[in-house]
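The residues making up each chain are set out below.
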Amino acid sequence: MACGGCGHQNLPTANFCSSCGAPLERADITSETPVVTLETPSGDEIDRSAFGAHEGLFVVLQGAKAGARYALDDDVVTVGRHPKGTIFLDDITVSRRHAEVRRDGARYWVRDVGSLNGTYVNRERVDDIELNDGDELQVGKFKLVFVHGTGS
């Protein structure tokens, strides 16, 4: 179970985060709730018509930049706390060089590049995985939803 405060993975039976001590919420561990919705934090649906059928986009669902959108328009997009990274997520739970997203034609892949806290897709720790429309990427305490163009 991921801590909502710091993103640390805890045992499913834990009541408090073993890293930061924050109380763990049980509401988001049910398997009957979808991992993500394709809405912004304000409840608006994501407008897919603004970009092409095979273009990728991240929308921040949780974290200090909730609602921010990042186009994945380079062949390699870096994600981390490094100020010169493509997607700059300024929080101590994010490594300076945390992850990268690679575009291969119309497909997108995310790869952990040696982060301390790990990179998660749909709440599972990953090293390298293909992204699908609606996947939730967690980097530190930030949660981003992957939107793939018009969802074709």
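Residues numbered from 1 in each chain as written. Predicted model: local features only at pLDDT ≥ 70, side-chain atom pairs only at ≥ 80, totals over all residues. Heavy atoms only, no water.

Quick word on the pairing of strand β6 (residues 107–112)
Turning to step 1, where the next piece is worked out: The alternating pattern of β6 places Tyr108, Val110 and Asp112 on a buried face, while none of Arg107, Trp109 and Arg111, on the opposite face, is buried.
Turning to step 2, where the next piece is worked out: Relative to β6, strand β5 (residues 99–104) is paired through six bridges, and the arrangement is antiparallel. Paired with valine 101 across the two strands is valine 110, which belongs to β6.
Turning to step 3, where the next piece is worked out: With four bridges connecting them, β6 and strand β9 (residues 128–131) associate as antiparallel partners. Bridge pairing in β9 links tyrosine 108 to leucine 131. (Buried < 20%, exposed > 50% of the residue type's maximum accessible area, 1.4 Å probe, protein only. Helix = DSSP H or I, 4+ residues; strand = E, 2+ residues; numbered from the N terminus. Pairing = 2+ DSSP bridges.)

Quick notes on the packing of aromatic side chains
Turning to step 1, where the next piece is worked out: According to the stated counting rule, one finds two aromatic pairs in the structure shown.
Turning to step 2, where the next piece is worked out: Aromatic side chains phenylalanine 58 and phenylalanine 146 sit 6.0 Å apart centroid to centroid with 65° between the ring planes, which places their arrangement in the edge-to-face category. Here phenylalanine 146 lies in strand β11 (residues 142–148) and phenylalanine 58 lies in strand β1 (residues 56–62), a separation of 88 residues in the sequence. Pair check on accessibility: phenylalanine 58 and phenylalanine 146 agree, each one buried. (Phe/Tyr/Trp six-rings, centres within 6.5 Å; stacked < 30°, edge-to-face > 60°.)

Looking at the confidence of the model for the protein chain
Turning to step 1, where the next piece is worked out: Chain-level pLDDT for the protein chain is 81 on average; 79% of the residues reach the 70-or-more range.
Turning to step 2, where the next piece is worked out: Below a pLDDT of 50 lies the segment residues 28–37, which in the model reaches 11 contacts outside its immediate sequence neighbourhood of four places, other chains included. (pLDDT = per-residue confidence, 0-100. Contact = heavy atoms within 4.5 Å.)

Notes on the sheet that holds β11
Turning to step 1, where the next piece is worked out: Pairing in this open sheet of six strands is antiparallel, and the strands run β2-β1-β11-β10-β7-β8 from one edge to the other. Each of the sheet's edge strands pairs with one partner strand only, and the pair in question is β2 (69–72) and β8 (124–126). Each strand axis lies, on average, 30° off the axis of its neighbour in the sheet, ignoring direction.
Turning to step 2, where the next piece is worked out: The pairing of β1 with β2 spans four bridges and is classified as antiparallel. (Axes fitted to C-alpha atoms, helices over the stretch in contact; angles between N-to-C directions.)

Comments concerning the sheet that holds β5
Turning to step 1, where the next piece is worked out: Read from one edge of the open sheet, five strands run β4-β3-β5-β6-β9, paired in mixed fashion. Either end of the sheet is taken by a strand with one partner, and the two such strands are β4 (87–88) and β9.

A word on the nonpolar core
Turning to step 1, where the next piece is worked out: Counting 21 residues, the largest nonpolar core has Phe58, Leu72, Ile87, Val101 and Leu131 as its most contacted members.
Turning to step 2, where the next piece is worked out: Contributions of two or more residues to this core are made by β1, β2, β3 (76–80), β5, β6, β10 (136–139) and β11.
Turning to step 3, where the next piece is worked out: With three residues, β11 is the single largest residue contributor to this core.
Turning to step 4, where the next piece is worked out: Once residues within four sequence positions are removed from consideration, phenylalanine 58 is found in contact with Ala68, Arg69, Tyr70, Leu72, Ile87, Val101, Leu131, Leu137, Leu144, Val145 and Phe146.
Turning to step 5, where the next piece is worked out: Counting six residues, the second-largest nonpolar core is a separate cluster that includes Met1, Cys3, Ala14 and Leu24. (Core = buried A, V, L, I, M, F, W, Y, C linked by side-chain atoms within 4.5 Å.)

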